[in-house]
Each structure stands twice: as structure tokens, then as C-alpha cells.
Amino acid sequence: MQTPYRVSIILLVFAVATLSHAFRLPPQLVESAVQLRNHTATTELRLLNRRNLIDCLDVNPYLQINSSSENSTLSDEEYVTVNVTGVLVPSDGDWVAMISPSHANVRTCLQNAILYEETGDFSSLPLLCHYPVKAQYVSNDPDYLSCKKQECKKYVGGECVLRTCGATLTFHVINIRTDIEFVLFGGGFSTPCILKRSQPLSFSSPNTPLYGHISSTDSTGTSMKLRWVSGDQNPQQVQYGDGKTSSIATSTVSTFTQNDMCSSSLLASPAKDFGWHDPGYIHSAVMSGLSPSTTFSYKYGSDSSGWSDEITSRTPAAGGSDALTFLAYGDMGKAPLDSSVEHYIQPGSKSVVNAMTDEVSSGAVDSIFHIGDISYATGFLVEWDFFLNLITPLASRVSYMTAIGNHERDYVDSGSVYVTPDSGGECGVAYEKYFPMPTAAQDKPWYSIEQGPLHFTIISTEHDWTPNSQQYEWMNEDMSAVDRSRTPWLIFTGHRPMYSSTDGLVISPSVDQGFVDAVEPLLVANKVDLALFGHVHNYERSCGVYKQECKAMPKKDSNGIDTYDNTNYSAPVHAVIGMAGFNLDDFSTNDNVWSLSRISQFGYLRVNASKQQLKVEFVNADSRNVEDSFQFTKN
């Protein structure tokens, strides 16, 4: 639920942004409003940067915080038990933060920051010297406030006269390369003060190669690009083969720094400031000489840094071949695998990943398409590691193709179409490092690829799509050049939708009519069969629609499945599939004549294609049931 203050800030920002396009407001005003939203419309945890973090006035000599890993190093992934003991008076305002790196000083800069902000000085001054990776209230232990876990600290005459309370918390920890520390605070999230700090904990192998994920480099199905993360800047290798032949490829190594992040002269973005975390080194290698639709295995790393486990994967079908099965969705992000509070939690992501992992493990899936709003790190860079860890069971085994969304790219004065600060200052830099698709150039994240009987045209709704723009001309050229005898099905994908029954805010609607007016005619002119979008967090499917009118209605086949006969083409079917993780959106209206199916449940799309038929199913991730099914036929 949004507070009135939060809503007023959002309204102010979007009003200023909208007016700036219409009336060319001074950029200083736009930027001020955008940055105000950027640092106020946030979670309580994020607002810690505003608070005066000092040592609590607590003279308790018994208080301790320690962990199960205190006398050892951390593995690449484990659940760490944190024990809080010696508490004299338990409070519901007591909480524990996981800080990384451990040397981050969470107590400096803050008293001055209040004065800076009071005077209107919003220059790049860190307010919280490092943002906590995650946090939990100590009362997550149900025995804490009732003091059921007691220790006697003082005896008089054989009788206990002083008892203290304790609690046990569990934190899911993954290898983020920098050491960590658990800090006990009092005063709640709003007025925190430091009670106690644990000993720093280090990872046993900060250079370990982790989070490998693969994508197609072209339409042949014979080469796959592998990316992974390591603390080692030296080139590593991938060893791969199909059981008959084996090959080795050496990685190229890249990274990005705080200087690569977007910011403002008025106030540092999260990515520049308290949300920054060192990404380590991103390794990339191309596995070539493979065969399409074939199982192969690989492992990556080096003798000095260690090797990954051997992973069994599968190449997608070559473009022009007879069949393909792929999964698709948008707006997934990640959620903690413990009881922690983190910035920007997407509650449905875990169940969706679990359901899709089962499908991928069955061997029935050729590829995955994630259509924007990838990790929702939005300037809190450590969250990319947690996202990559979450999707590894999927993205390490089948081709994981992506499109860019507003939460990867948008920021004021960054060249994006929309001036909202949704990327938190990342401006597409982190996204393109982690997910380099077969695009023409940096910050031009549109591309096409063919798999099986399908041609995918994948655009960026965050870059200029107006007529005569570079992307507009590319869209038209790409779709008009499709050989429909080779790939009879044309699928168009981008993040922001053209149709939705969820209105959004009055001054920030779910659908940008300018985008629709500019690009929708291209879809009809080039006979797009299916258009897939995210951004709105639910599932909705249309008739064959153009300019709000149904040009083609499906008919039920013998199994009761809605069937669109595209032999005589009329218009594309649009599907919004932004229901893979983010909090679900309700539908504002139910009377749009073009809307045939509306479901607000977490799930994903499953698509099975042959040259004669394209079958599409919406799968509920919790029940695993198919809740909407439709198909296209073509002679």
C-alpha cells in the first residue's frame, strides 16, 4: 500500500516528467523532481541512509552477536545461523543487518548529511557508507520477545538473579566475493543505532567462477555464449563437448565501476552511492562448433580459481527447422530464500523459477525469453548476484534470451525515452555486461534471432522508437525481410505493452499511446502473429487486434482451445506476460472488447511451435495448471 506522501512524490515526478515533454520545462526542475522520487519512494530499509546511525546508549556487557561460520570461512552458498545473546530487554525494534564488505563504516557521514539536506545540498555525499545487503528483525525468532531462550548471567547464593534473552536467525548467504559482517541494531529501521558487530566472515574462495548462464549468438544453433562471474581478473576457460568431441574456449574479461553508473549533479544515484557493490569480473566465452537441438556439457573456471560443476545443457533448434519449445515471461526479479527484508522483493519469482526448473530438467524446453525488468537491482548492485544465483538452474541449461526494460535502463538525462529513474543509475550498463545479446552495438539493445520455425524481433521500448529513428527503421527492415517459408511464425517482443486492461497512474499509464501509434502499424504491415510484452504485472491475451478493434476472433477447436486461423492474416494477438515475480496488478476494467483472457496469478508462458501450428499456454506457477490456452494455425 502506498502512503499519501509516497503517492504525492510519484505524482509530482510523473507530472513534471510529462509536462517536460509537452512544455519543455527546465531540465533542472525535471531532475530535481526525479531525484526526489528516487530517494523517497522507497522501502523503509532503503531509508536507512537518511538516519543517524550511532552507537546505542547501551552499557550491556553481556550482549553478543556471532554466527555459525565465525571460526571458518564461507562456502559459495550456505545458510548461516546468527545468534544474538545477552539481551537484557528484548525489543521489537532490534534487528540484524548483513553488511558487505565488512569494513564498511555504517556510522560515518550521517550527522552531516542531515545538515546537508537541510540546506538543500544534494551533492554526491554518501549518507550511509554502505547499504545493508539484507536485514531481519530479531523478532523473526518467535521466542525472542517472550524471552524463552534464557541464560543466567549472575548467581547470588546459588540462585540466578540476572537472566538474559537470546534469538537465532538464519541468513541465506551466497558468494559475493567481498567479506560480510552481521551488525545488531536497536531502534528499528527508522531510527537505528548500533548495538554490536560480529566478527568479519570471508568466503573461502572469492575467485570461484559462479552463476554461469548461456545465450544464443546467432540463428544457427551451433554456438552459445557463456557468461560467468569471478573475483579473478585473469582469463579463464570453458571446457565443453558433446561426448564425442571436446573443445576449449578462453574467456574475455570485463567489469564496470561506479564511474560507469549514471548520476546527477544534484544527488548521487543509488548505483553511484550507497547501493554500489563491486561486481567482480564478468567472463565471457563462445562455445562454437556445436550441433543444433543437441545435448552438450561444459564446465568453466581455471586451475587457480577453481572449476564449476559439469553442467548438461542443450542447444536450441536452428532457425528454419521444424519445431521449438520455449518459455517466456517478464518482470521476474528475485526474492530472498530466507526471512530477510531486501530492497525490491518480487514475491512470485521463487515459485516461477521452481516450476520452470522442473520443465527445463525434463528436457522439453529449448530456450527461454525474459522480456524486460530482469533483476530489479535498480542501483543496488549486489542484487544482480542474488538474481543470477536464482536463475542458474534455468539459464545454465538452455539459451536465456532477454530484452531490456525500464528497470534496467531508464534514468534522467541518460538517453532513455522515459525520464523516470527506474534503473537507479544503472542505465543499462550492468544489464549489458551480464546479458550481452546479439545486438549491433552497445546501448542499442534490439536484435532478432530465429529458432525453429520462429523469427523473434526483440526491441527496446526504452530507446527511441519514433518514425525515422534508427530502431524504427531497423524494426521495419528486420520484419519485412523475414522468409515466411523458412520461419512461418513472426513473434514481436518488447517490454512496455500496447494493450492492457490495467490503467496505471493517470499521468503514467500502462500503455504509452505514442508508442502504439508509432509502432503498431509496423506489426500489421509485417504480419506479426504474436506480440509479447511485460511491464504490467499480470497476464492478458487479446483477439487479433488493431487500433482497439478486433480484426480476428478465435474459434474453438474440438478440444475447446481458442484457435486463430492466420492463413488469411488480419492482425496480431497481443499477450502481456509480466506475471513472473513482481507484485501482481489488478485489472482496472473488464469491458475492453479486445481482451479475451485476464489472469492475475504468478506464472509463465509455454509455447510449442511447428511449421503448421503455434500453441501457447499460460502456466500457473503455483498449481502448475494451464489456465489459458490458445493456438495459431496456418496453411
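Residues numbered from 1 in each chain as written. Predicted model: local features only at pLDDT ≥ 70, side-chain atom pairs only at ≥ 80, totals over all residues. Heavy atoms only, no water.

Account for the overall build of the chain, with residues named and values stated.
In terms of helices and strands, the chain carries nine helices and 36 strands. For the chain, the accessible area works out to roughly 24,300 Å², and carbon and sulfur atoms hold 49% of it. (Helix = DSSP H or I, 4+ residues; strand = E, 2+ residues; numbered from the N terminus. Areas by Shrake-Rupley, 256 points an atom, 1.4 Å probe, with all protein chains shown as cover.)

So what's going on with the sheet that holds strand 21 (residues 399-403)? Which residues, and what values?
The strand order 21-20-19-34-35-36-31-30 describes an open sheet built from eight strands, whose pairing is mixed. The open sheet has two edge strands with one neighbour each: strand 21 and strand 30 (555-556). Direction of pairing for strand 19 (residues 323-329) relative to strand 34 (residues 603-610): antiparallel, over a ladder of six bridges. Considered in strand 34, the bridge of L327 is made with R606. Across the sheet, helix 5 (residues 382-395) is in contact with strand 19, strand 20 (367-371) and strand 21; its angle to strand 21 comes to roughly 130°. (Pairing = 2+ DSSP bridges. Contact = heavy atoms within 4.5 Å. Axes fitted to C-alpha atoms, helices over the stretch in contact; angles between N-to-C directions.)

Help me get a handle on the side chain of R541, residues and values and all.
On the secondary structure map, R541 appears in strand 28 (residues 539-546). There is a polar contact of 3.0 Å between the side chain of R541 and the side chain of D562. At a separation of 2.8 Å, a polar atom in the side chain of R541 contacts the side chain of D628. (Polar contact = N/O pair within 3.5 Å; in protein donor to acceptor, adjacent residues only side chain to side chain.)

Before we move on, can you summarise the confidence of the model for the chain with the specific residues and values?
Scored by pLDDT, the chain has a mean of 88; 86% of the residues are at 70 or more. Counting contacts from residues 1-42, a segment whose pLDDT is below 50, to residues more than four positions away or on other chains yields 66 contacts. Across residues 108-128, confidence stays below pLDDT 50; counting only partners more than four residues off in sequence or on other chains, it has 39 contacts. (pLDDT = per-residue confidence, 0-100.)

Explain the sheet that holds strand 11 (residues 224-230) to me, and be specific about the residues and the numbers.
Taken together, the four strands give an open sheet; going across it, the order is 10-11-15-14, and neighbouring strands pair in antiparallel fashion. Looking at which strands have only one partner, the edges of the open sheet turn out to be strand 10 (210-216) and strand 14 (252-254). Geometrically, the sheet is characterised by an average inter-axis angle of 25° between neighbouring strands, direction not taken into account. Pairing of strand 14 with strand 15 (residues 281-287), which is carried by three bridges, proceeds in the antiparallel orientation. In the sheet register, V253 faces strand 15, and the bridge partner there is H283. In this fold helix 5 packs onto strand 10 and strand 11, with an angle of close to 55° to the strand it touches most, strand 10.

An account of the packing of helix 4 (residues 349-361) against helix 5 is needed here, citing residue identities and associated values.
The interhelical angle for the contact between helix 4 and helix 5, taken along N-to-C directions, is 20°, at an axis separation of 9 Å. On the basis of the axis angle, helix 4 is roughly parallel to helix 5. The handedness of the crossing between helix 4 and helix 5 is left-handed. Judged by residue contacts, S349, V353, M356, T357 and V360 of helix 4 engage L390, P393 and L394 from helix 5. Its residues placed into classes, the contact of helix 4 with helix 5 shows six nonpolar, two polar and no charged. (Parallel < 35°, antiparallel > 145°, perpendicular 65-115°, else oblique. Left-handed = near helix turned anticlockwise from the far one by under 90°. Nonpolar A, V, L, I, M, F, W, Y, C, P; charged D, E, K, R; others polar.)

Just give me the short version of empty space enclosed by the protein, but keep the residues and values in it.
Over the atoms rolls a probe the size of a water molecule, and in doing so it shows where empty space is left. Following the criterion strictly, the structure yields five cavities of 30 Å³ or more and no others. As a volume, the largest cavity reaches approximately 80 Å³. Lining of the largest cavity is provided by twelve residues; of these, Y131, P132, V133, G275 and V382 occupy positions nearest its centre. Reported here for the second largest cavity is a volume of approximately 60 Å³. Every residue lining the second largest cavity is listed: H172, K334, A335, P336, L337, E342, F386, N389 and L390. (1 Å grid on protein atoms, 1.4 Å probe; cavity = no way out; pocket = protein on both sides within 12 Å on 5 of 7 lines; lining within 4 Å. Points joined across faces, edges and corners; volume = space filled by probe spheres on them.)

Lay out unusual backbone geometry in plain terms, naming residues and giving numbers.
Cis peptide bonds are those with omega within 30 degrees of zero, and the linkage from S100 to P101 qualifies with 0°. Looking at the element boundaries, P101 is found in the loop between strand 4 (95-99) and helix 3 (110-118). Backbone geometry at C147 places phi at a positive 55°, although glycine is not the residue there. Note that C147 resides in the loop between strand 5 (134-137) and strand 6 (150-156). Its relative accessible area of 13% is what places C147 among the buried residues. We note that Y344 has phi near 55°; this positive angle belongs to a residue other than glycine. (Buried < 20%, exposed > 50% of the residue type's maximum accessible area, 1.4 Å probe, protein only.)

Mind laying out the layout of surface pockets, listing which residues take part and the relevant values?
Approximately 330 Å³ is the volume attributed to the second largest pocket. Along the wall of the second largest pocket there are 16 residues; nearest its centre are L210, Y211, Y300, D309 and T392. Of all the secondary structure elements, the ones that give two or more residues to the lining of the second largest pocket are strand 10 and helix 5. With three residues, the single largest contributor to the lining of the second largest pocket is helix 5. Within the lining of the second largest pocket, the residues separate by chemical class into eight nonpolar, five polar and three charged.

Tell me about helix 8 (residues 470-480), residues and numbers included.
When we look at burial in helix 8, the residues that qualify are Q471, Y472, W474, M475, D478 and M479. Looking down the long axis of helix 8, one finds its buried residues gathered within 165° of arc, a one-sided arrangement. Those residues of helix 8 that are buried lie in contact with strand 22 (447-451), strand 23 (454-458), strand 24 (489-494) and helix 9 (513-525). (Arc of directions from axis to C-beta.)

Can you explain the pattern of salt bridges? Please cite residues and give values.
With the rule as written, the count across this model stands at 23 salt bridges. Between E383 and K334 there is a salt bridge, and its shortest N-O distance comes to 3.6 Å. Here K334 lies in the loop between strand 19 and helix 4 and E383 lies in helix 5, a separation of 49 residues in the sequence. The exposure class of E383 is buried, given its relative accessible area of 4%. On the basis of relative accessibility, which here comes to 2%, the residue K334 falls in the buried class. Two residues, R624 and D358, come together in a salt bridge whose shortest N-O distance is 2.8 Å. Linking R624 in the loop between strand 35 (613-620) and strand 36 (626-633) with D358 in helix 4, this pair joins segments that are 266 residues apart in sequence. Owing to a relative accessible area of 39%, R624 belongs among the partly exposed residues under this scheme. Taking the relative accessible area as the measure of exposure, D358 reaches 44% and is therefore partly exposed. Taken together, the shared-partner salt bridges connect K134, K334, D338, E342 and E383 into one network. (Salt bridge = Lys/Arg side-chain N within 4 Å of Asp/Glu carboxyl O.)

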